[in-house]
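Residue strings, one per chain:
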Amino acid sequence: MKKKPLPLLEKVLITGIAAEGKAIAKYNDMVIFIPFVVPGDVVDIQLIRKKHSYAEGKAVYFHEYSAQRVEPFCEHYGVCGGCKWQILPYSEQIRYKQQQVTDNLTRIGKIALPEISPVLGSEKTRFYRNKLEYTFSNKRWMTWEDVQSGKTFENRDALGFHIPDMFDKVLDINECWLQEEPSNAIRLAIKDFCLQHSYPFFDLREQTGLMRNLIIRTSTTGEVMLIVVFYEEDKEKRNALLDFIANRFQEITSLLYIVNQKANDTITDQVVHVFKGKDHIFEQMDVGAKHFLPLRFKIGAKSFYQTNSEQAYNLYTIARNFAGLSGNELVYDLYTGTGTIANFIAKDAKQVIGIEYVPEAIEDAKVNSEINGITNTLFFAGDMKNILNAGFIAQYGRPDVMITDPPRAGMHDDVIGTILFAEPKKIVYVSCNPATQARDLNLLDSKYKVTKVQPVDMFPHTHHVENVVLLELKTNGYE
Ligand SMILES: C[S@@+](CC[C@H](N)C(=O)[O-])C[C@H]1O[C@@H](n2cnc3c(N)ncnc32)[C@H](O)[C@@H]1O
């Protein structure tokens with residue numbers, strides 16, 4: 001049976017901002033989530049999905065534009081999934097992020113809260129990322145202009161970003177405003193070379209083709225890493241492309257490649273080959289009073305490093321201030337990644353223990369202590385819920401302070417159980433997802449009181465917000 005088409009709702013006022021960067025409108029009793037609109041817009045909404053109490057739709061006609069709107073600066077706005085909030089002034093973006101943190105902590109956390117400090121904005125609002133990942137595809141996303149032109153496109157090769165929710169469609173990117181040069185220049189030159197020499201772009205559905213992904217990492221030290229990911233093994237074509245890149249972009253200090261023949265794009269389980277230069281780059285960060293030299297961090301192809309380097313410094317400084325260390329404390333840094341926070345605070349503590357899932361990241365963390373002359377850190381690799389238990393705490397000591405910076409999913413119940421058992425005097429909870437953070441704070445509420453909240457914007461023009469919370473042990477455990 002043919003499904004009834006979903007209705008077109010006319011002249012609907014957009015009233016607020018919802019999760020995932022979408023905006024919200026109300027129509028009768030129904031809540032509708034719509035991308036690429038802002039509060040104050042009046043639009044016709046074509047519903048595309050309808051559930052009992054809510055619906056999803058897209059704006060198909062604008063009757064009025066919100067007074068809040070600013071012109072998007074990027075030619076790919078409205079199609080590309082990134083930078084969805086560039087139609088809002090930065091001050092408004094910050095206001096909505098503040099609201100997001102407040103809503104999550106109050107509605108999900110349901111705990112007593114101090115005043116939430118104003119979001120710390122990012123000084124750089126463009127070219128703030130140090131890492132971008134692009135995908136090659138032979139199924140370029142056809143923009144509205146392409147379709148309207150009536151032309152037929154024989155070659156639909158693209159190098160760019162995935163269209164949201166469409167795994168095999170890629171938007172061809174001409175200019176991206178997220179990463180400093182030579183990022184755009186490298187991507188465009190590689191695409192031209194591959195088109196000129198008829199290198200097959202990846203077919204994501206059929207899993208065929210030579211060219212698969214590009215990962216570009218830039219650094220405040222000026223070093224540049226490029227990882228070219230191929231699907232097929234073709235030494236001649238591979239070397240021709242890599243030679244071309246090496247000659248054209250002398251500033252690339254680490255030219256790497258991978259041949260990834262598995263179904264997904266992740267490179268964590270892949271062998272990384274060095275074509276030219278080193279297998280890593282360095283990031284550096286001024287640390288402040290107790291360090292005379294900036295800290296240097298070694299970053300390999302698989303290492304995690306905060307993508308907004310300047311704002312990472314601010315984030316870590318807030319975490320360190322919240323921890324309020326005197327030099328005598330045993331600190332646990334949970335989800336330490338490459339040990340960045342652990343090394344950042346090491347000179348302020350007696351000892352720091354970092355725990356992290358990815359073994360390569362832990363190896364980098366150890367190197368990062370070594371190259372910075374830090375001798376009071378210990379690092380362990382493994383799943384947090386398995387490693388952090390009563391036995392571990394008995395062996396390595398009860399922490400005075402725990403810093404935790406989990407992935408978006410937040411912390412596992414068992415990890416929270418062990419934290420409650422360990423009873424550190426302070427917990428500094430750094431989160432990239434205030435919703436899961438709020439859930440975890442609720443679970444910690446039996447013994448901890450939230451005393452400080454400082455949101456930080458690491459990702460301008462997106463809905464993402466980082467939030468740092470200080471929890472202090474209630475004196476009698478039941479206060
Ligand atoms: C948001 S990152 C934090 C990294 C680090 N604190 C930093 O600022 O660079 C979260 C880290 O948690 C790690 N992770 C994810 N799940 C984990 C688990 N179950 N056990 C231990 N570590 C995990 C990830 O590999 C990642 O390095």
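For the structure, see preceding data.
Reading the values: the criteria
- Residues numbered from 1 in each chain as written.
- Predicted model: local features only at pLDDT ≥ 70, side-chain atom pairs only at ≥ 80, totals over all residues.
- Heavy atoms only, no water.
- Pairing = 2+ DSSP bridges.
- Helix = DSSP H or I, 4+ residues; strand = E, 2+ residues; numbered from the N terminus.
- Axes fitted to C-alpha atoms, helices over the stretch in contact; angles between N-to-C directions.
- Buried < 20%, exposed > 50% of the residue type's maximum accessible area, 1.4 Å probe, protein only.
- Phe/Tyr/Trp six-rings, centres within 6.5 Å; stacked < 30°, edge-to-face > 60°.
- Contact = heavy atoms within 4.5 Å.
- Polar contact = N/O pair within 3.5 Å; in protein donor to acceptor, adjacent residues only side chain to side chain.

Caption draft 1: The arrangement of the sheet that holds strand S20 (residues 448–456) in detail. Strand order across the open sheet formed by seven strands is S17-S16-S15-S18-S19-S21-S20, with mixed pairing between neighbours. Pairing within the sheet leaves two strands with one partner each, and these edge strands are strand S17 (377–381) and S20. Strand-to-strand twist of the sheet, defined as the mean angle between neighbouring strand axes without regard to direction, takes the value 15°. Bridging between strand S15 (residues 330–334) and strand S16 (residues 351–356) involves five bridges; their strand directions are parallel.

Caption draft 2: Quick look at unusual backbone geometry. Omega for the bond connecting Glu-181 with Pro-182 falls within 30 degrees of zero, at 15°, which places this linkage in the cis form. Following the sequence through the fold, Pro-182 ends up in the loop between strand S8 (166–172) and helix H3 (183–196). The phi torsion at Lys-11 lies on the positive side, around 50°, for a residue other than glycine. Structurally, the position occupied by Lys-11 is in strand S1 (residues 8–17). Judged by relative accessible area, which is 58%, Lys-11 ranks as exposed.

Caption draft 3: Up close: the packing of aromatic side chains. Counted according to the given criterion, the structure contains 19 aromatic pairs. Measuring from centroid to centroid gives 5.4 Å for Phe-73 and Trp-177, while their planes differ by 70°, and the two rings are edge-to-face. Taken as a pair, Phe-73 in the loop between strand S5 (54–64) and helix H1 (90–109) and Trp-177 in the loop between S8 and H3 lie far apart in primary sequence, 104 residues in all. Given a relative accessible area of 21%, Trp-177 falls into the partly exposed group.

Caption draft 4: Local environment of the environment of Tyr-134. Checked against the element boundaries, Tyr-134 lands in strand S6 (residues 131–137). Between the C-alpha atom of Tyr-134 and that of Leu-214, which follows or precedes it by 80 residues, the distance is 5.1 Å. Excluding its chain neighbours within four sequence positions, the residues that come into contact with Tyr-134 are Leu-159, Gly-160, Phe-161, Cys-176, Ser-183, Arg-187, Arg-212, Asn-213, Leu-214 and Ile-216. Within the local environment of Tyr-134, its side chain forms a polar contact with the side chain of Arg-187, the two groups lying 3.0 Å apart.

Caption draft 5: A look at the side chain of Asn-467. Looking at the element boundaries, Asn-467 is found in strand S21 (residues 466–473). A polar atom in the side chain of Asn-467 sits 2.9 Å from the side chain of Gln-437. Once residues within four sequence positions are removed from consideration, Asn-467 is found in contact with Val-101, Leu-105, Tyr-429, Val-430, Ser-431, Gln-437, Val-453, Gln-454 and Pro-455.

Caption draft 6: Structural view of the pairing of S1. Where S1 and strand S4 (residues 42–50) come together, four bridges link them in antiparallel fashion. What sits directly across from Leu-8, in S4, is Gln-46. As paired strands, S1 and strand S2 (residues 23–27) are joined by three bridges and run antiparallel to one another. Bridge pairing in S2 places Ile-14 opposite Ala-25.

Caption draft 7: Quick peek at the environment of Val-358. Structurally, Val-358 can be placed in the loop between S16 and helix H7 (359–371). Residue Val-358 is classed as partly exposed on the basis of its relative accessible area of 27%. Taking C-alpha positions, Val-358 is 30 Å from Lys-235, a pair spaced 123 residues apart along the chain.

Scope: geometric values only; no functional claims are made or implied.
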